[in-house]
Amino acid sequence: MVLLASCEKNDLKKVASFTGKDTIPSQIATDVTIIYSDSAKVKARLTAPKMIQYITGDEAVEMPIGLNVLFYNDSLQPNSSLRADYGIRYPNKYLVKVTGNVVVSNTKGDTLHTEELFWDENRNIIYSNTFVKVREPDKIILAEGFTSDVTFLHYTFKKVKGTFSINSPEGK
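Residues numbered from 1 in each chain as written. Predicted model: local features only at pLDDT ≥ 70, side-chain atom pairs only at ≥ 80, totals over all residues. Heavy atoms only, no water.

1. Thoughts on the pattern of salt bridges
In total, this model carries seven salt bridges according to the counting rule given. Close ionic contact of D110 with K108 constitutes a salt bridge, the shortest N to O distance being 3.7 Å. Close ionic contact of E136 with K139 constitutes a salt bridge, the shortest N to O distance being 3.7 Å. (Salt bridge = Lys/Arg side-chain N within 4 Å of Asp/Glu carboxyl O.)

2. Points about unusual backbone geometry
Located in the positive-phi region is D31, a residue other than glycine, with phi close to 50°. Its location among the elements puts D31 in strand β1 (residues 25-38). With a relative accessible area of 68%, D31 lands in the exposed category. Here the phi dihedral of S39 falls at roughly 55°; this positive angle occurs in a residue that is not glycine. Considering the arrangement of structural elements, one finds S39 in the loop between β1 and β2 (41-54). (Helix = DSSP H or I, 4+ residues; strand = E, 2+ residues; numbered from the N terminus. Buried < 20%, exposed > 50% of the residue type's maximum accessible area, 1.4 Å probe, protein only.)

3. Topic: the environment of N68
Within the fold, N68 resides in strand β4 (residues 67-72). N68 sits 23 residues away from R45 along the chain, and the two C-alpha atoms are 8.2 Å apart. Setting aside its immediate chain neighbours within four residues, N68 contacts R45, L46, T47, L82 and R83. (Contact = heavy atoms within 4.5 Å.)

4. What to know about the confidence of the model for the protein
Across the protein, the average pLDDT comes to 85, with 81% of residues at 70 or higher. Scored below 50 in pLDDT, residues 1-12 makes four contacts in the model with residues more than four places away or belonging to other chains. Under a pLDDT of 50 for its full length, residues 14-20 has, in the predicted model, five contacts with residues more than four places off or in other chains. (pLDDT = per-residue confidence, 0-100.)

5. Quick word on the nonpolar core
When a protein is soluble and globular, its nonpolar side chains tend to lie buried together. Core analysis: the biggest nonpolar cluster contains 28 residues, and L67, L117 and W119 have the highest contact counts within it. Those residues within four positions of L67 in sequence are excluded, and the remaining contacts are L46, T47, A48, L82, R83, A84, Y86, G87 and V98. (Core = buried A, V, L, I, M, F, W, Y, C linked by side-chain atoms within 4.5 Å.)

6. With respect to the environment of D120
Mapped onto the secondary structure, D120 falls in strand β8 (residues 111-120). A relative accessible area of 11% means that D120 is categorised as buried. Residues within four places of D120 in sequence aside, it is in contact with Y94, L95, I125 and Y127. Within the structure, D120 has its side chain in polar contact with the backbone nitrogen of N122 (distance 3.1 Å). (Polar contact = N/O pair within 3.5 Å; in protein donor to acceptor, adjacent residues only side chain to side chain.)

7. What about the pairing of strand β11 (residues 155-165)?
Both strand β10 (residues 139-149) and β11 contribute to a ladder of nine bridges, which runs antiparallel. In the strand pairing of β11, K139 is matched with S165. Counting the residues between successive antiparallel strands, the hairpin from β10 to β11 contains five residues, one of them, F152, with a positive phi of roughly 60°. (Pairing = 2+ DSSP bridges.)

8. Some remarks on the packing of aromatic side chains
In the structure shown here, the tally under the stated rule is six aromatic pairs. When the ring of F71 is compared with that of W119, the centres are 5.0 Å apart and the planes differ by 80°; the resulting orientation is edge-to-face. Taken together, the residues F71 in strand β4 and W119 in strand β8 connect sequence positions 48 residues apart. Taken as a pair, F71 and W119 share a single burial class, namely buried. Between F118 and Y127 the ring centres are 5.2 Å apart and the planes differ by 20°, which places this aromatic pair in the stacked class. One cation-aromatic arrangement involves K93 over Y90; the distance from NZ or CZ to the ring centre is 5.3 Å. (Phe/Tyr/Trp six-rings, centres within 6.5 Å; stacked < 30°, edge-to-face > 60°. Lys NZ or Arg CZ within 6 Å of the ring centre and 35° of its normal.)

Written out as structure tokens, the structure reads:
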């Protein structure tokens, strides 16, 4: 029996046609920690149980089973946190999109809940265009969209749907 084989240069488009995906993982890592800094100052620490980097299509780093982010002030003290069930970072755009049970908390005890949130690394803001619920010590605010600095101390709402006092029956 004679076996003939031919080799040709790797063609990512051909690989994508076999896999049915237009993006192909180039690296997969587990138990990942990434430190974000600016001018040699630590700004945030992201941890994720799994991270996948893609090489084709729009460059992306996916965190398919969740992530946690701690944001730090100039004294390296945590000033806010973010967690979500899923995240994807677009390094060329300096943008992170998180979805699923997104929770953001600050040092004042305010907590935001939403299903989708964006972290714009260049502008140092977080924002959402979807429904958000913010619980402050004395009230709950329901809104359609919001914007905040990453400390989650200075935020604004797009369309407030309601504000409820924590002590009222509606706020419970």
